[in-house]
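For reference, the chains in residue letters:
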Amino acid sequence: MSKKIFVKTFGCQMNEYDTNRIIDTVKKIGFEKTDNLEETDCYLLNTCHIRNKAKDKVYHEIGRVKKSLRLKKKPFVIVAGCVAQAENEEMLKREPYIDLVIGPQAYHKINNKIEEFLHKQKKIEETDFEAESKFNYLNRIKNTSSKVSTFLTVQEGCDKFCHFCVVPYTRGPEYSRPFNEIVDEAKTLSENGAREIILLGQNVNAYKNENFRLSDLILEIEKIPEIKRIRYSTSHPRDMTKDLIDVYSFSKKLMPLVHLPVQTGSDKILKLMNRKHLINDYIKTYEKLKSINPNIEFSSDFIIAYPGEEEEDFNATFELIKNIKFINSFSFIFSPRPGTTASNLKLIDKKISQRRLEKVQRQLFDHQILMNKSLENKQIEVLVENRTKESNKFFGRSEYMTSVIFDGNDQEIGNVIKVKITNSNQNTLFGESIKKTEKRVA
Ligand code: SAM
Ligand code: SF4
Ligand code: F3S
């Protein structure tokens, strides 16, 4: 009988990709995924260390599992991901309920580590940095994701060391996977049913393997007939090279939403953050892309109240947001991360930080609402992903990644169809698939 594994994932899309690859891997030693915590033999928590109390959240989660399973047989407990990398053996000391701590570059060793534990009952910590070995191993294990929209990690780690960020410490140095491996994995995913591929990396547009760049990957994956849409995330403004910008003029499948984190609108703060570009460089990239295709929209990440942010710096961020009219963006108050250059800097007063965040978010949400409202009574293209849980509605996404809920039918899953938008709110568009609308009219 197969053993069961229950997984919970915090953090970014790369963690989601990793979790799925871990599930593919542990199948080799007899584990099957379960959604029922009570019946699990193994509990895996994939963690994120990017902001606030990440560590506390992990111990809290483990405490919760311990409590809810107190009358059951204890599962084998694995903590993976960026907190595991940052905390390593400390975790085993602090929480004896944890059995294995494994960092993101050591997932290729997970089966050996699980078997080692099951035989010796000895707690294990494994946090080496070996991205190349990891992908060499994972490449031999079939990616079984069968989602319509699926992630594909092409690059991992970061050499940029922005002063606020833990990623270079938790994910290690930049590593780009070989071009052919990625294209083969994209083909496998398309055979499994993928129609949209989201290429992932902590700095995905820094992808470089031999002479291949991200632009080459996009153009090669675009040749797979079943793949209808391509996206990539997350990018650094300094790596928006000419070849990548040019791809927007001839690619037929690259979506017109550019997620390009700027963090702040102030040159002074960019410098303090060690971002190594100016706002004007960012605006130039924006203008070049808009001149290629005026329908391209931008989304971004913002860090509000970075140490040293004065009112005029904040106003520069606010102005940038008003000018670029970002959609689908993320904004957070700066959170000091242990071990980073900015960890000991003087924090901005909490009330001021909160007021600034709220002002920025109101503006970002207003853009979002206006953008969604402007689509009402129009037809848009939607890639249909699945049925929604509750009713007989369907779920898909617009070209700009906005969720669309509509009346459709099962045959449309995996297709790009036209949906007439009838209503909207900040995060979602509602509508009816055109065929259905036409039928009703007839
Ligand atoms: N590589 C991307 C870039 O350079 O823009 C960002 C990747 S990072 C995993 C995702 C986002 O987390 C960042 O864009 C930033 O806005 C946010 N972030 C990272 N460290 C943070 C911190 N210490 N406090 C608040 N937000 C943070
Ligand atoms: Fe973090 Fe991105 Fe900066 Fe790298 S480039 S240190 S991932 S914010
Ligand atoms: Fe979090 Fe690590 Fe991703 S810190 S955002 S899970 S790279």
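See above for the structure.
Definitions and cut-offs
Residues numbered from 1 in each chain as written. Chains lettered and ligands numbered in written order. Predicted model: local features only at pLDDT ≥ 70, side-chain atom pairs only at ≥ 80, totals over all residues. Heavy atoms only, no water. Near = heavy atom within 4 Å. Polar contact = N/O pair within 3.5 Å; in protein donor to acceptor, adjacent residues only side chain to side chain. Areas by Shrake-Rupley, 256 points an atom, 1.4 Å probe, with all protein chains shown as cover. Nonpolar A, V, L, I, M, F, W, Y, C, P; charged D, E, K, R; others polar. Buried < 20%, exposed > 50% of the residue type's maximum accessible area, 1.4 Å probe, protein only. Helix = DSSP H or I, 4+ residues; strand = E, 2+ residues; numbered from the N terminus. Arc of directions from axis to C-beta. Contact = heavy atoms within 4.5 Å. Pairing = 2+ DSSP bridges. Axes fitted to C-alpha atoms, helices over the stretch in contact; angles between N-to-C directions.

In the region of ligand 1, 18 residues are neighbours, and Gln202, Gln263, Arg275, Asp301 and Ser335 sit closest. Within the side chain of Gln263, a nitrogen or oxygen atom sits 2.7 Å from an oxygen atom of ligand 1. Measuring from an oxygen atom of ligand 1, one finds a side-chain N or O atom of Asp301 at 2.7 Å. Against a free-state accessible area of 570 Å², the protein chains account for coverage of 89% of ligand 1. For the shell around ligand 1, the residue count by class is seven nonpolar, seven polar and four charged.

Listed in full, the buried residues belonging to helix α9 (residues 214–221) are Leu214, Ser215, Leu217, Ile218 and Ile221. Take α9 and look down its axis: the buried residues cluster within an arc of 160°, on one side only. If you follow the buried residues of α9, they end up packed against α8 (179–192), β10 (196–200), β12 (212–213), β13 (229–233) and α10 (242–250).

One open sheet holds the three strands; their spatial order is β7-β10-β13, and the pairing between them is parallel. In this open sheet, the two edge strands, each paired with only one partner strand, are β7 (149–153) and β13. The average angle at which neighbouring strand axes cross in this sheet is 25°, direction not considered. Inspection of the sheet shows β10 paired to β13 by five bridges, in the parallel sense. Opposite Ile197, over in β13, you have Ile230 as the bridge partner. Contacts between helix α1 (residues 13–26) and the sheet are confined to β7, β10 and β13, with β7 contributing the most and set at about 90° to the helix. Against the sheet, α9 touches β10 and β13, its axis set at about 160° to β13.

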